[in-house]
Amino acid sequence: IADIAVANIAAPGSGTVSVLLGIGNGTFEPRNAYNSSGLGYDIIAVDVDEDGHLDLLTAHRETDNLSVLLGDGLGGFSFYRHVRTQSDPMSLAIADFNGDSDPDIVVANSGSLSVSVLIGSNGSAFGPALNFSATQQSYGVAIGDLDGDGDDDVVTAGLLADPPIRVLLNQCNQPCRADLKQDGILDVFDVFVYLDAFNDGNPIADFTGDGTLDIFDVFAFLDSFNAGCP
């Protein structure tokens, strides 16, 4: 039975998402509101932590970030964390850009002539935003295999752009987990990013995927780093 999730940007209810659970006869239960820690301009549902339950992502134009709300599988949600983007994120889409089966996020940023790609890793963790030139005032983003190579590509739509549509073809190679800077090069800066993530308790440092940050994650990162990129 389909349910509805709505991002609320105006009072009453601003800074929340409303979830209306379907009954199955075309009607819905009364809405339940959950804190999204920001005014939501777009919302998508995806299982970001890979526990079999849909979670919610909302885009917050005023604070230049996304919110991740984890679902409990029963229709309830709780705020988990913010993810930084560039200025004025307006629209979201989900893809798997690097072929590792973890969901990645693409964000249309209306204030920075860009789209941000956040590569997913180890469930609900995402790498730093990779930013690509896009249309002026990008208000919409969509995913599709536009060149028939089996990879997800990106299309953006701009409000004042000429031309209003821009196509970005996916040029990702096979996943390279240790390349935390996502620049295609394994170097000491990736080590610095990993150590900062580990010390901050960021789930992206959980290289063993067991939900606990410990010395075994450090060993797993070093193994991946020493193996090099494909």
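Everything below is about the structure shown above.
Owing to the predicted nature of the structure, the values given are computational and were not obtained by experimental measurement.

Topic: the packing of aromatic side chains
Point 1. Here the structure, examined in full by the defined rule, presents 6 aromatic pairs.
Point 2. Taken together, a centroid distance of 5.9 Å and an interplanar angle of 75° make the contact between Y34 and F77 edge-to-face. With Y34 in strand β3 (residues 32-35) and F77 in strand β7 (residues 77-84), this residue pair connects regions lying 43 residues apart in the sequence.
Point 3. Relative to F219, the ring of F216 lies with its centre 6.4 Å away and its plane at 85°, an arrangement referred to as edge-to-face. Taken together, the residues F216 and F219, both in helix α2 (residues 215-227) and 3 residues apart, mark about one turn of the helix.
Point 4. Ring-pair connections join several aromatic residues into one group, and the members of that group are Y194, F198, F221 and F225.

Some details on the side chain of D190
Point 1. Take D190: it is sitting in helix α1 (residues 188-200).
Point 2. Of note is the side chain of D190, whose polar atom sits 3.0 Å from the backbone nitrogen of L180.
Point 3. Residues contacting D190, with those up to four places away along its chain left out, are A178, D179, L180, K181, I185, F221 and F225.

Topic: unusual backbone geometry
Point 1. One non-glycine residue, S37, lies in positive phi territory at about 55°.
Point 2. Mapped onto the secondary structure, S37 falls in the loop between β3 and β4 (40-46).
Point 3. Located in the positive-phi region is D88, a residue other than glycine, with phi close to 60°.
Point 4. Residue placement: D88 occurs in the loop between β7 and β8 (89-95).
Point 5. Here D88 falls in the partly exposed class, since its relative accessible area comes to 22%.

Details of α2
Along an α-helix, residues three or four apart share an orientation, since each turn contains 3.6 residues.
Point 1. For α2, spanning 13 residues, the distance from its first C-alpha to its last is 18 Å, which sits close to the expected 18 Å at 1.5 Å a residue.
Point 2. Buried residues of α2: D217, V218, F221 and S224, and no others. All buried residues of α2 fall inside an arc of 125° around its axis, so they share one side. Residues of α2 that are exposed and point over 90 degrees away from its buried face: F216, D223, N226 and A227.

Details of the layout of surface pockets
Point 1. Estimates place the volume of the second largest pocket at around 250 Å³.
Point 2. Lining the second largest pocket we find 16 residues, and of these D3, V19, L54, G75 and F77 sit closest to its centre.
Point 3. Tallied by class, residues from the lining of the second largest pocket come to 9 nonpolar, 5 polar and 2 charged.

Overview of the environment of G22
Point 1. With respect to the helices and strands, G22 occurs in the loop between β2 (16-20) and β3.
Point 2. A relative accessible area of 15% means that G22 is categorised as buried.
Point 3. Note: C-alpha distance between G22 and D200 (178 residues apart in sequence) is 39 Å.
Point 4. Here G22 is in contact with I1, A2, D3, T27 and F28, once residues within four sequence places are set aside.

Definitions and cut-offs
Residues numbered from 1 in each chain as written. Predicted model: local features only at pLDDT ≥ 70, side-chain atom pairs only at ≥ 80, totals over all residues. Heavy atoms only, no water. Phe/Tyr/Trp six-rings, centres within 6.5 Å; stacked < 30°, edge-to-face > 60°. Helix = DSSP H or I, 4+ residues; strand = E, 2+ residues; numbered from the N terminus. Polar contact = N/O pair within 3.5 Å; in protein donor to acceptor, adjacent residues only side chain to side chain. Contact = heavy atoms within 4.5 Å. Buried < 20%, exposed > 50% of the residue type's maximum accessible area, 1.4 Å probe, protein only. Expected span 1.5 Å × (residues − 1). Arc of directions from axis to C-beta. 1 Å grid on protein atoms, 1.4 Å probe; cavity = no way out; pocket = protein on both sides within 12 Å on 5 of 7 lines; lining within 4 Å. Points joined across faces, edges and corners; volume = space filled by probe spheres on them. Nonpolar A, V, L, I, M, F, W, Y, C, P; charged D, E, K, R; others polar.

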